[in-house]
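An overview of the molecular structure
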Amino acid sequence: MAEKPMCVSTQIPDDEDIQQEENIRCLSVLGHFGYECLPLQMMNRATKKGFSFNILCVGETGLGKSTLIDTLFNINLKEKQSSHFYSSVKLKIQTYDLQEGNVPLKLTVVKTVGYGDQINKEDSYQPIVSYIDAQLEAYLQEELKIKRSFVDYHDSRIHVCLYFISPTGHSLKALDILTMKNIDSKVNIIPVIAKADTISTSDIQKFKKKIMNELVSNGIQIYQFPTDDETIAQVNSSMNEQLPFAIVASMDEVKVGKRMVRGRQYPWGVLQVENENHCDFVRLRDMLLSTNMEDLKEQTHTQHYERYRRFKLQEIGFTDVGPDNQPVSFQEIYEAKRQEFYAQCQREEEDLKQKFMLRVKEKEKTFKEAEKEQDKFEHLLRIQEEETIKLEEERRQLEEEIMNFNKMKAEYEALQSQSCTNVKKDKDRKK
């Protein structure tokens, strides 16, 4: 067996980073160790575990989002046509288990429903941003757990956003610019011109240039196919110049000559979906699935997720360096935060005690004033009772006087009546 070179690094002090490359010795391998099979082991394990890919399709109703997914993966989901009468934007999430050869793929497709159908489109992007953030937050929470389970965890972070542009031939809509500006830092955006068969070839090229100029002028960052790998650098570089892709999708098969192809039948001829002279569907499929799927997933993790994670950790006070611009450990930050939180709790507890004592004093003052009012009320009540007793006594005496008066009156009237009777009798005798 031919000898293979092996690089072994010697011990180098930390302050000699500049000379690190020069202090690496190259040794010859005198035998077969077997670690050359490591890539094969990793491939077998990854294949057995399976892969996942999450696609977000953003675009107005009727631009062919479902048809494109069907055509990309050569499946027929048979979905119902969406309505234009939704009061707000919603998201439709569907997960599929696909198999190509011996490679399993868990595909998650998230599509907007009712996007661009409202009169007020100002907040149409909010459900999209909220969903993307929710998936990043779910992964962050799983990462921060004491007992993590990434082996069984389904990563739902969006790996690519296919943004469907209406084939107006003029420019981007205000809603397109607003939405992409709010999600370009959270997800890999690949813009596509939907239903490109409604525009002529010359107008398509002009429309592409207008779109790219508008994206640059508005500071919108779209996904660029990587050119750091020499094996795919030339292809990716040429594909970057083709953005945005002009797409036509169809699952219908039409006859062209002696063969059946996927395409659309028109009176003037057949538009072949997989013909690069007719549309960019094959370019999109190759770039998305065959060439750059792993890079899309890597960019999601190393760029967008790391940005979200850094923002969230900084928001709660974690940092890599201390006030003296020196590196600090997680334990030191945690201890400082714990002391800060304890001091804050002490301050809040003291404030609550003072507020409680103040409230107690106010309540005591209120109770004392209420007691004084109660005493005053009871005094007035006693006076009222005494006055009532006096009035009752006077009323009783007055009633007795009235009874005596009535009795004397009755006796006087009886006496007067008898006197009159006697006088009348005397007069009668004299006659």
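Placed above this text is the structure.
Residues numbered from 1 in each chain as written. Predicted model: local features only at pLDDT ≥ 70, side-chain atom pairs only at ≥ 80, totals over all residues. Heavy atoms only, no water.

1. Quick notes on the overall build of the chain
For clarity, the cut-off: In this description a helix means any DSSP run of H or I spanning at least four residues, a strand means any run of E spanning at least two, and both kinds are numbered starting from the N terminus. Exposed residues in this analysis have more than 50% of their type's maximum accessible area, buried residues have under 20%, and partly exposed residues fall in between, with area computed by a 1.4 Å probe over protein chains only. In this description, contact between two residues means that some pair of their heavy atoms is separated by no more than 4.5 Å. All accessible-area figures derive from a Shrake-Rupley calculation using a 1.4 Å probe, and residue coverage is judged against the displayed protein chains alone.
When helices and strands are tallied, the chain shows nine helices and eleven strands. Counting across all 431 residues of the chain, residues that qualify as buried make up 31%. Long-range contacts, defined here as pairs at least 24 residues apart, represent 64% of the contacts in the chain between residues at least 6 apart. Carbon and sulfur atoms make up 52% of the accessible area of the chain, which totals about 30,000 Å².

2. Here's the deal with the side chain of Thr71
Cut-off, in case you're wondering: Any pair of nitrogen or oxygen atoms within 3.5 Å is treated as a polar contact; in protein, a donor-acceptor pairing is required on top of that, and neighbouring residues in sequence qualify only through side-chain atoms on both sides.
Structurally, Thr71 is set in helix α2 (residues 65-73). For Thr71, a relative accessible area of 0% translates into the label buried. Engagement of the side chain of Thr71 in a polar contact is seen with the backbone oxygen of Thr67, the distance being 2.7 Å. Other than its neighbours up to four places away in sequence, Thr71 contacts Ala249, Ser250, Met251, Arg262, Val273 and Phe281.

3. A closer look at the pairing of strand β10 (residues 259-266)
The condition that has to hold: In this description, strands pair whenever DSSP reports at least two bridges between them.
Relative to β10, strand β9 (residues 253-256) is paired through four bridges, and the arrangement is antiparallel. Directly across from Val256, in β10, lies its bridge partner Arg259. Hairpin connection from β9 to β10: two residues lie between these consecutive antiparallel strands, with Gly257 at a positive phi of about 70°. Looking at chain direction, β10 and strand β11 (residues 269-272) are connected through four bridges and run antiparallel. Each residue of the ladder has a partner; that of Gly263, found in β11, is Gln272.

4. Notes on the sheet that holds β9
Rule in force here: Fitted lines through C-alpha atoms serve as axes, helices being fitted only where they are in contact, and the angles separating the N-to-C directions of these axes extend from 0 to 180 degrees.
In spatial order, the strands read β9-β10-β11; together these three strands make up an open sheet with antiparallel pairing. Every interior strand has two partners, whereas the edge strands, β9 and β11, have only one. The mean angle between the axes of side-by-side strands here comes to 70°, regardless of whether they run parallel or antiparallel.

5. What to know about the sheet that holds strand β8 (residues 245-246)
What the six strands build is an open sheet, ordered β4-β5-β3-β6-β7-β8; its pairing is mixed. Looking along the sheet, the strands with just one partner apiece sit at the ends: β4 (90-100) and β8. Strand direction decides the pairing type here: β4 and strand β5 (residues 103-113), joined by eleven bridges, are antiparallel. Looking at the pairing, Gln94 lines up with Val109 of β5.

6. So, a negative patch on the surface
Counted only if it meets this: To count toward a patch, a residue needs a relative accessible area above 30% and no salt bridge. Like charges then connect within 9 Å, nonpolar side chains (Val, Leu, Ile, Met, Phe, Trp, Tyr) within 5 Å. We count a salt bridge whenever a side-chain nitrogen from Lys or Arg sits within 4 Å of a carboxyl oxygen from Asp or Glu. We score Asp and Glu as negative and Lys and Arg as positive, and we do not count His or the chain ends. The location of each charge is read from NZ of Lys, CZ of Arg, CG of Asp or CD of Glu.
A surface patch of negative charge is lined by Asp228, Asp229, Glu230, Glu294 and Glu298. Among the secondary structure elements, Glu298 is positioned in helix α8 (residues 293-315). The exposure class of Glu298 is partly exposed, given its relative accessible area of 43%.

7. Examining the pairing of strand β6 (residues 160-165)
Under the convention used in this document: With the strands aimed away from the viewer, a crossover counts as right-handed if its path from the first strand over the helix to the second runs clockwise.
Of all the six residues making up β6, six are buried; the element is thus mostly covered by neighbouring parts of the structure. What you see with β6 is no split at all: Val160, Leu162 and Phe164 on one side and Cys161, Tyr163 and Ile165 on the other are buried throughout. For strand β3 (residues 51-58) and β6, the ladder comprises four bridges, and the chain directions are parallel. By the bridge assignment, Ile55 is partnered in β6 with Val160. Relative to strand β7 (residues 189-193), β6 runs parallel, the two being bridged by five bridges. The residue of β7 that forms the bridge with Leu162 is Ile190. This β-α-β element, β6 to helix α4 (residues 174-183) to β7, shows right-handed connectivity.

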